[in-house]
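What the coordinates show
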Amino acid sequence: MIRIANGQGFWGDWLEAPVRLVEQGPIDYLALDYLAEITMSIVQKQKLADPELGYARDFPPLIGRIRSNIRDRGVKVIANAGGVNPIACARQVRRLAPELKVAVVLGDDLYDRIPELLAKGHAMANMDTGAPLSSIRDRILSANAYIGAFELAEALAAGADVVIAGRCTDTALTLAPMIHAFGWGRDEWDKLAAGTIAGHIIECGAQTTGGNCQVDWQSIPDLANIGYPIVEARPDGSFIVTKHDGTGGRVHSDVIKEQLLYELGDPKNYITPDCVADFTTIQLEDSGKDRVRVSGIRGVERPPMLKLSISYSWGYKAIGTLVYSWPQALDKAQAADRIVRERLSQLGLEFEEIYTEYFGVNACQGPAAPPVSDPPEVQVRIGVRGQDRKAVDRFTRELVPLVLNGPPTATGFGDGRPQVREVVAYWPALLPREEITTRVEVVE
Amino acid sequence: MKVPLGRIAHARSGDKGDTVNIGVIAYHRKHYPILVREVTAARLKHHFGHLVKGDVVRHELENLGALNFLLHEALGGGGTLSLRVDAQGKTFGAALLGMEIEMSESEAI
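Bear in mind that the values here come from a model prediction, so they are computed numbers and not experimental data. (Residues numbered from 1 in each chain as written. Chains lettered and ligands numbered in written order. Predicted model: local features only at pLDDT ≥ 70, side-chain atom pairs only at ≥ 80, totals over all residues.)

1. Looking at the overall build of chain A
The line we're drawing: Put simply, DSSP marks the helices as runs of H or I at least four residues long and the strands as runs of E at least two long, and each gets a number from the N terminus on. Our radius of gyration looks at C-alpha atoms and nothing else; its globule reference is 2.2 Å times the residue count to the power 0.38. Neighbour density around each residue's C-beta defines its exposure: 20 or more other C-beta atoms within 10 Å make it buried, 12 or fewer make it exposed, and counts between make it partly exposed, where C-beta atoms are placed from the backbone. We call two residues in contact if the C-beta atoms placed from their backbones are at most 7 Å apart.
What chain A contains, in helices and strands, is twelve helices and 19 strands. Taken over the C-alpha trace, chain A has a radius of gyration of 24 Å; the compact-globule value for 444 residues is 22 Å, and the two agree within 12%. Taking the principal axes of the C-alpha coordinates as reference, chain A spans close to 70 × 60 × 45 Å. Per-residue burial for chain A yields a buried fraction of 49% across its 444 residues. Expressed as a percentage of contacts within chain A between residues at least 6 apart in sequence, the contacts between residues at least 24 apart total 75%.

Structural data, given as structure tokens:
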């Protein structure tokens, strides 16, 4: 049996979580997930500004903090912290923890290969819209293939204490140690599916130990000291989800079900580079306090295509707010919205979208929210987006004047003008896996 | 009798691009057939009104006593394009639990 913990559900997750995981009980592997779909474009920009950057900057200092535990207790760390510059990330880790063996997995970054791939006839069409990649080729900011668990397992086999990948799947971080420790083959689809689903269960960190859980949430103990999830994996593909003794939160089949369904598409076809997992085969069983046993998982053959994560410069957006107080707060906020729209129209400004929400009334849940009458205050939140930066910038001047020239009791205008933000959009696409060649490099 | 869905089920929601997914889970397995009967794609589409511009698709997971819904074109473009405060659909699950469903007294026990 091996213990695999997840100590980071996204870049920005709780800094103490991975430290506590290595200090408060036994684990063999520590998986850390840093990359959301849009993160690659952020790190790409950082790399363009400084060739020594372009990775999750929280990661090297974390390894510095937990280095003695990694060395003394033999914990192996697997992270997709490399972003678009895994080698620079590894070098920084080595500076802070020179006694550790660090390996990187390379080959996912396709940014420089896009012209070649287009020339070879790969359309890399947008999976949502069907548009060919050539339609935005001049605006591409980053392009990466999601790589799977076997590539990470290879780095573990090279004896690395710390494995740093770029854009691998979130689930691969958990599956890789199982492949490495149990010697699973590339066609053992049921086992690979089990490890993939174990990865799905823990990839969002504490969301599987009682965080963001609707089941009797007020009774979930000690969220301030919530324990992050641990999978106790067995060679046959069954596993137990748990957390360290004495930590806060709750591991229960109800909680696991919520996380299993989180960000799920077709449950019979959960597609990864390693296999296709079938969520309708999962069997759950509460097997003790904060312990859930998972078994019965089936999977089928991996797909011939790999998914690409491409980001591109789309345009600009800005979102501004004003607060109106009782009485008739909603009426005043709606009047303000009408005035802003009329003034934008008079200026001849055109946007792809103008969107208005009434925060405190129904901004989150729209028509599904329960009705309110005459609320004590309402925040009107108006956003625009478009390709023309000047138009978006002009919009940002149209909210604050309402404090003096619009309906009464406007306040809460914060810093005055909202910021114009560049919109980097996500372009999901497919590419035959033969085009991707990965390799493991030990960084001295 | 009419009861809010939250009486017999819990939920979690999230995003994939411009699509919201909502997992709806029966607290007790005996209530799963009521979910299948009452919580239809058409009723979800109606419940969320103008928030959902595209189709609603339902998947069944009998092994978990759960349904998975995909609400397409529901996040104002999704991801970084969205101008919504809930750009990732985090609150849709809770919103669905307020939807009224029909069940008999004997089913409620």
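2. Considering the overall build of chain B
What chain B contains, in helices and strands, is four helices and six strands. Element order for chain B, N to C, with α for helix and β for strand: β-β-β-α-α-β-β-α-β-α. At 14 Å, chain B has a C-alpha radius of gyration in line with the 13 Å of a compact globule built from 109 residues. With the C-alpha coordinates of chain B rotated into their principal frame, the extents come out at 45 × 25 × 20 Å. Looking at chain B as a whole, 50% of its 109 residues are labelled buried. Taking the intrachain contacts of chain B between residues at least 6 apart in sequence as the baseline, contacts between residues at least 24 apart amount to 61%.

3. Re the nonpolar core
Within soluble globular proteins, side chains that are nonpolar tend to cluster in buried spots. Cut-off, in case you're wondering: The term nonpolar core means buried Ala, Val, Leu, Ile, Met, Phe, Trp, Tyr and Cys residues held together as one set by C-beta atoms within 7 Å. Note that the domain bounds reflect an automated or database-derived domain assignment.
Counting 152 residues, the largest nonpolar core has Leu 30, Leu 152, Val 163, Ile 164 and Ala 176 of chain A together with Val 24 and Leu 71 of chain B as the members making the most contacts within it. Two domains each donate at least three residues to this core, and these are domain 1 (2-108 + 146-303) and domain 2 (314-427) of chain A. When near neighbours in sequence (up to four residues on either side) are disregarded, Leu 152 of chain A contacts Ile 78, Val 105, Val 163, Ala 165, Cys 168, Ala 172 and Ala 176 of chain A. In this structure, Tyr 324, Ala 333, Val 380 and Leu 399 of chain A belong to the second largest nonpolar core, which totals 15 residues.

4. Examining the domain arrangement of chain A
Quoted interface sizes are often the accessible area lost when the parts come together. In terms of domains, chain A is made up of domain 1 (2-108 + 146-303) and domain 2 (314-427). Look at where the C-alpha atoms of domain 1 of chain A and domain 2 of chain A centre, and you get two points 39 Å apart.

5. Here's the deal with the environment of Glu 102 of chain B
Its location among the elements puts Glu 102 of chain B in strand β6 (residues 100-102). If near-sequence neighbours (up to four positions away) are discounted, Glu 102 of chain B is found in contact with Lys 2 and Glu 38 of chain B.

6. Here we look at the confidence of the model for chain B
Where we set the bar: Summary of the metric used: pLDDT quantifies the predictor's per-residue confidence within the range 0 to 100.
Averaged over all residues, the pLDDT of chain B is 96; the fraction at 70 or higher stands at 100%. Overall fold confidence for the complex sits at a pTM of 0.96, while the interface term, ipTM, reaches 0.98.

7. Quick look at the sheet that holds strand β4 (residues 56-61) of chain B
Residues and elements named next belong to chain B. Put simply, the test is: Strand pairing is assigned whenever DSSP detects at least two bridges linking the two strands. Orientation is described by axes fitted as lines to C-alpha atoms, over the contacting stretch for helices, and by angles from 0 to 180 degrees between their N-to-C directions.
Sheet architecture is open: four strands sit in the order β2-β3-β5-β4, paired in antiparallel fashion. Looking along the sheet, the strands with just one partner apiece sit at the ends: β2 (9-16) and β4. Averaged over all adjacent pairs, the angle separating strand axes in this sheet is 20°, with direction ignored. As judged from the six bridges shared by strand β3 (residues 19-26) and strand β5 (residues 66-71), these two strands associate in the antiparallel manner. From the neighbouring strand, Asn 21 faces β5, where its bridge partner is Leu 70.

8. Here's the deal with the sheet that holds strand β13 (residues 298-300) of chain A
All names here are of chain A. Taken in spatial order, the three strands line up as β9-β10-β13 in an open sheet, and their pairing is antiparallel. Each end of this open sheet is capped by a strand with a single partner; those strands are β9 (270-271) and β13. Of the strands in this sheet, β10 (276-278) and β13 touch helix α8 (residues 189-202), which is tilted by about 110° from β13.

9. Focus: α8 of chain A
So the rule is basically this: One fewer than the residue count of a helix, multiplied by 1.5 Å, yields its expected span.
Under the 1.5 Å per step criterion, the end-to-end length of α8 of chain A is 20 Å for 14 residues, consistent within 8% with the ideal 20 Å. Most of α8 of chain A is tucked away, with 13 of its 14 residues classed as buried.

10. Describing the packing of helix α3 (residues 59-73) of chain A against helix α4 (residues 86-96) of chain A
When two helices pack together, their arrangement is given by the angle between their axes and by how far apart the axes lie. All names here are of chain A. Heads up, the rule is: For classification purposes, angles smaller than 35 degrees are called roughly parallel, those larger than 145 roughly antiparallel, those between 65 and 115 roughly perpendicular, and all remaining angles oblique. When the near helix sits turned anticlockwise from the far one by under a right angle, the crossing is termed left-handed; a clockwise turn instead gives a right-handed crossing. Gly falls in the polar group here, along with every residue not listed as nonpolar (Ala, Val, Leu, Ile, Met, Phe, Trp, Tyr, Cys, Pro) or charged (Asp, Glu, Lys, Arg).
Taken N-terminus to C-terminus, the directions of α3 and α4 make an angle of 30°; their axes are 9 Å apart at the nearest point. Overall, the two elements α3 and α4 adopt an arrangement that is roughly parallel. When you trace α3 past α4, the crossing you get is right-handed. Residue-level contacts link Phe 59, Pro 60, Pro 61, Ile 63 and Gly 64 of α3 to Cys 89, Gln 92, Val 93 and Leu 96 of α4. Class assignment for the residues of the contact of α3 with α4 results in seven nonpolar, two polar and no charged.

11. Considering the environment of Asp 216 of chain A
Residue and element names in this part refer to chain A. The residue Asp 216 is located in the loop between α8 and β7 (230-233) in this model. A residue is classified by how many C-beta atoms lie within 10 Å of it, and Asp 216, with 12 of them, is exposed. Sequence separation between Asp 216 and Ile 38 is 178 residues; the distance between their C-alpha atoms is 33 Å.

12. Remarks on the interface of chain B and chain A
Opposite the 35 residues of chain B that make contact, chain A presents 43 residues. Of all the elements in the fold, those that place two or more residues in the side of chain B that touches chain A are β2, β3, α2 (41-48), β4, β5 and α3 (92-96) of chain B. Residue contributions to the side of chain B that touches chain A peak at six residues, all from β2 of chain B. Split into classes, the residues belonging to the side of chain B that touches chain A amount to 13 nonpolar, 16 polar and six charged.

13. Quick notes on the pairing of β3 of chain B
Residue and element names in this part refer to chain B. Within β3, eight of the eight residues are buried, which leaves the element mostly enclosed by the surrounding structure. Along β3, one buried face is formed by Thr 19, Asn 21, Gly 23 and Ile 25 and the opposite face, lined by Val 20, Ile 22, Val 24 and Ala 26, is buried too. Examined bridge by bridge, β2 and β3 share eight bridges and lie antiparallel to one another. Within β3, the position partnered with Asp 15 by the bridge is Val 20.

14. Describing helix α1 (residues 16-23) of chain A
Since the α-helix advances by 3.6 residues per turn, residues separated by three or four positions end up pointing in the same direction. All names here are of chain A. Note the threshold: Throughout, the arc means the angular range of directions from the helix axis out to the C-beta atoms.
Within the span of α1, buried status applies to Ala 17, Pro 18, Leu 21 and Val 22. Angular distribution of buried residues about the axis of α1 spans 125°; they occupy a single face of the element. In this structure, the buried side of α1 is in contact with β1 (2-8), β2 (29-32) and α3.

15. Some points on the packing of α1 of chain A against α3 of chain A
Residue and element names in this part refer to chain A. Contact geometry of α1 with α3 gives a least axis separation of 10 Å together with a crossing angle of 15°. Between α1 and α3, the angle falls in the class roughly parallel. Seen along the crossing, α1 lies across α3 with a hand that is left-handed. For the pair α1 and α3, the contacting residues are Pro 18, Val 19, Val 22 and Glu 23 in the first and Leu 62, Arg 65, Ile 66, Asn 69 and Arg 73 in the second.

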